[in-house]
Amino acid sequence: MVLVFMKLFFRVKFSHYPYRLFSGQGILGLCFFSSLLWENYLVKSGKPTARAVLIFLCAYLLIFHSTFSFRGGRPGLNIFNSTYAHFFKADMDKLLEFKSIFYPADYYPIVDVIKKHTRPQEIISSNIDMMTGVFSALSGRPAANSMFYEIKARRAIFEEYVFARLIVWIKPPDKTLYFLKNRLKWQKIYENKIAIVFENPNASRRIYPAKAVIPFKYIGVILAIIFMFLAFDLFLRNKK
């Protein structure tokens, strides 16, 4: 069963969504494999040294949890960067700071251009799917090419560009860009060292997201039922 899960996980994560391994969804698989690794390590070794290593690792992550970060454009090592350490030092505000490995001078102007030239319901796109999601999140605009592979319908060629009001083309430009620019009559409105922003004057589609109709209390009832079954299953296992 474990081997089947591993095979499915790697096929889905690495073939279709390679970047999701480093997101909140990818952490689920990472936690699973980390738990499996330590379980096998403790079972096979059966030595006090193994338990000592595990205890030391947990204590290190709890107290230290050292990380690399960028401040003022320079990389640095933050030795005490755990939640426990920040609570102890009473500087929890540092955990709320956004530390980016990118340069805001490059992408913030693009976000400003998107907000200036589009309305909240108008669609944006990019030649790189991941960057479409990034600029969509930063600007609050719907993205044209962020649907999952398995639920994408058959579409016309370049549909994600046809219906987009703004297109953020990550450099370098290529033959596809020149073809689309001439075919769809794009107009360049901004350019910096990482991207070129085009406006599509013929785009007319807009998106009005539907609001959730399921009350949150129903979700709470479903979760309560699930936890009840889990608790009942644990009770039966311990009874055996």
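Not measured: the values here are computed from a predicted model.

Caption draft 1: Region of interest: the nonpolar core. Counting 13 residues, the largest nonpolar core has Ile 110, Ile 114, Phe 135, Leu 166, Val 168, Ile 170 and Val 197 as its most contacted members. For this core, the secondary-structure elements that each account for two or more residues are α5 (104-117), α6 (129-139), β4 (166-170) and β6 (195-199). For this core, the element with the most residues is α5, which contributes five residues. In contact with Ile 170, not counting residues within four places along its chain, are Ser 126, Asn 127, Ile 128, Met 131, Phe 135, Ile 194 and Ala 195.

Caption draft 2: Local environment of the environment of Leu 138. Position of Leu 138 among the secondary structure elements: in helix α6. For Leu 138, a relative accessible area of 36% corresponds to the partly exposed category. Along the chain, Leu 138 and Tyr 108 lie 30 residues apart, while their C-alpha atoms are 8.7 Å from each other.

Caption draft 3: Region of the structure containing the packing of aromatic side chains. Taken as a whole and assessed by the stated rule, the structure comprises seven aromatic pairs. Measuring from centroid to centroid gives 5.6 Å for Tyr 60 and Phe 64, while their planes differ by 20°, and the two rings are stacked. A residue is classified by how much of its surface remains accessible, and Tyr 60, at 29% relative accessible area, is partly exposed. Exposure remark for Phe 64: the relative accessible area of 29% places this residue in the partly exposed category. Aromatic pair Tyr 107 and Tyr 108: ring centres 4.9 Å apart, planes at 65°, arrangement edge-to-face. On the accessibility criterion, Tyr 107 (11% relative accessible area) is buried. An aromatic cluster is present here, built from Tyr 161, Trp 169, Trp 186 and Phe 198 joined pairwise through their rings.

Caption draft 4: View of the environment of Phe 163. Mapped onto the elements of the fold, Phe 163 is located in the loop between α7 (159-162) and β4. For the pair formed by Phe 163 and Ile 123, sequence separation is 40 residues and the distance between their alpha carbons is 6.9 Å.

Caption draft 5: Structural context of α5. Compared with an ideal rise of 1.5 Å per residue, which puts 14 residues at 20 Å, α5 spans 20 Å between its outermost C-alpha atoms and is within 8% of the ideal. Among the residues making up α5, those that are buried are Asp 106, Tyr 107, Ile 110, Val 111, Val 113 and Ile 114. Along the axis of α5, the buried positions cluster into a sector of 160°, meaning they face one direction only. Opposite the buried face of α5, at more than 90 degrees from it, the exposed residues are Ala 105, Asp 112 and Lys 116. In the core, the buried residues of α5 are packed alongside β3 (124-126), α6, β4, β5 (187-191) and β6.

Caption draft 6: Highlighting the pattern of salt bridges. Enumeration according to the criterion identifies three salt bridges in this entry. A salt bridge links Glu 122 to Arg 165; the nearest nitrogen and oxygen atoms lie 3.5 Å apart. Of the two residues, Glu 122 is situated in the loop between α5 and β3 and Arg 165 in the loop between α7 and β4; the sequence distance between them amounts to 43 residues. For the salt bridge of Glu 191 with Lys 188, the shortest nitrogen-to-oxygen distance reads 2.9 Å. Residue classification places Glu 191 among the partly exposed positions, given a relative accessible area of 39%.

Rules and cut-offs
Counting restarts for each chain, with residues numbered from 1 along the sequence as it is written. In keeping with the model being predicted, local features are shown solely for residues with a pLDDT of at least 70 and side-chain atom pairs are shown and tallied solely at 80 or more, while totals for entire chains, interfaces and linings include all residues. The basis for the side-chain values is all heavy atoms of the structure; hydrogens and waters are excluded. We call a set of buried Ala, Val, Leu, Ile, Met, Phe, Trp, Tyr and Cys residues a nonpolar core when their side-chain atoms join them within 4.5 Å. Each residue gets one of three labels from its accessible area relative to the maximum for its type: buried under 20%, exposed over 50%, partly exposed in between, using a 1.4 Å probe on protein chains only. For helices the rule is a DSSP run of H or I covering at least 4 residues; for strands it is a run of E covering at least 2, with both sets numbered from the N terminus onward. Throughout, a residue-residue contact means that at least one pair of heavy atoms, one from each residue, lies within 4.5 Å. Two aromatic rings, drawn from Phe, Tyr or Trp (for Trp, its six-membered ring), form a pair once their centres lie within 6.5 Å of each other, and the interplanar angle then sorts them: stacked below 30 degrees, edge-to-face above 60, tilted otherwise. Given the number of residues in a helix, its expected span is that number minus one, multiplied by 1.5 Å. What the arc covers is the set of directions going from the helix axis to the C-beta atoms. Here a salt bridge means any side-chain nitrogen of Lys or Arg lying within 4 Å of a carboxyl oxygen belonging to Asp or Glu.

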